Structures are given as structure tokens and as C-alpha cells.
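Analysis of the macromolecular model
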Amino acid sequence: MSKHFPFENINQMQQWYQGIKDANRNNIFCHCRACGYEWMDSTFDAICSKCNSRNVESISSWQFPDD
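Residues numbered from 1 in each chain as written. Predicted model: local features only at pLDDT ≥ 70, side-chain atom pairs only at ≥ 80, totals over all residues. Heavy atoms only, no water.

1. As for the overall build of the protein chain
The helix and strand tally for the protein chain stands at 1 helix and 3 strands. Element order for the protein chain, N to C, with α for helix and β for strand: α-β-β-β. By the burial criterion, 18% of the 67 residues in the protein chain qualify as buried. For the protein chain, the share of sequence-separated contacts (at least 6 apart) that also reach a separation of at least 24 residues comes to 29%. (Helix = DSSP H or I, 4+ residues; strand = E, 2+ residues; numbered from the N terminus. Buried < 20%, exposed > 50% of the residue type's maximum accessible area, 1.4 Å probe, protein only. Contact = heavy atoms within 4.5 Å.)

2. Brief notes about the sheet that holds strand β2 (residues 38-41)
Strands in a sheet are paired, the pairing made by backbone hydrogen bonds, and the direction either parallel or antiparallel. With respect to topology, 3 strands assemble into an open sheet ordered β2-β1-β3, the strand pairing being antiparallel. Edge positions in the open sheet fall to β2 and β3 (56-60), since each of these has one partner strand only. Within the sheet, the average angular offset between the axes of one strand and its neighbour, ignoring direction, is 25°. Pairing analysis gives 5 bridges linking strand β1 (residues 28-32) to β3, with the strands arranged antiparallel. Across the sheet, residue F29 finds its bridge partner in β3, namely I59. (Pairing = 2+ DSSP bridges. Axes fitted to C-alpha atoms, helices over the stretch in contact; angles between N-to-C directions.)

3. Observations regarding the environment of N9
Here N9 shows up in the segment before α1 (10-24). Looking at N9, its side chain comes within polar contact range of the main-chain nitrogen of Q12, at 2.9 Å. (Polar contact = N/O pair within 3.5 Å; in protein donor to acceptor, adjacent residues only side chain to side chain.)

4. Focus: α1
For α1, spanning 15 residues, the distance from its first C-alpha to its last is 21 Å, which sits close to the expected 21 Å at 1.5 Å a residue. Structurally, the start of α1 carries an N-cap: the backbone nitrogen of N11 is 3.0 Å from a side-chain oxygen of N9. Looking at the residues trailing α1, positive phi occurs at N26, about 60°. (Expected span 1.5 Å × (residues − 1).)

5. Quick look at the nonpolar core
Listed in full, the 7 residues of the largest apolar core are I28, C30, C32, W39, A46, C48 and V56. Looking at this core element by element, the count peaks at 3 residues for β1. (Core = buried A, V, L, I, M, F, W, Y, C linked by side-chain atoms within 4.5 Å.)

6. Brief notes about the pattern of salt bridges
A side chain with one charge may pair with a side chain of the opposite charge, provided their charged atoms come close. Tallied over the entire structure, the rule returns 1 salt bridge. Put simply, D22 and R25 hold a salt bridge, and the shortest N to O gap is 3.2 Å. (Salt bridge = Lys/Arg side-chain N within 4 Å of Asp/Glu carboxyl O.)

7. Considering the side chain of S60
Along the chain, the position of S60 falls in strand β3. Excluding anything up to four places from it in sequence, S60 contacts N24, N27 and F44.

Everything listed here is a matter of geometry and, on its own, says nothing about what the molecule does.
Structure representation (C-alpha cells):
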């Protein structure tokens, strides 16, 4: 492995990725560009439940501070 690899082993990397998946669960802010509807979801490839558009912007909301 590269000397710049930030994890001691592949298991640590997998645990880190799992932590990101857990943080995203029900914490992805979605905004439909077609109709403007906004909601929280668990997937980045969500479909708008109001107009069925796939033109949805998705942002992990846990990345932003609460204040």
C-alpha cells in the first residue's frame, strides 16, 4: 500500500466507509429541480415523490453545522 494510505489496513477503511453510510441514513437533503419540493432521504439517487422527476440535487446534511 501507498505510504500515504490514511488507514492501517483495509478493514479500517471499510469501517470508515460504513460510518459514512450510517451518517447518510435519513440525512440526505434532497431538492427537486423540477418542482422545488424538498425532503430528507437515505439515498443520493432519489426520485421526487411529488412530480417523479429524477432531476434531484442531493446533499449530505450531516456535513453542515447546526448553527
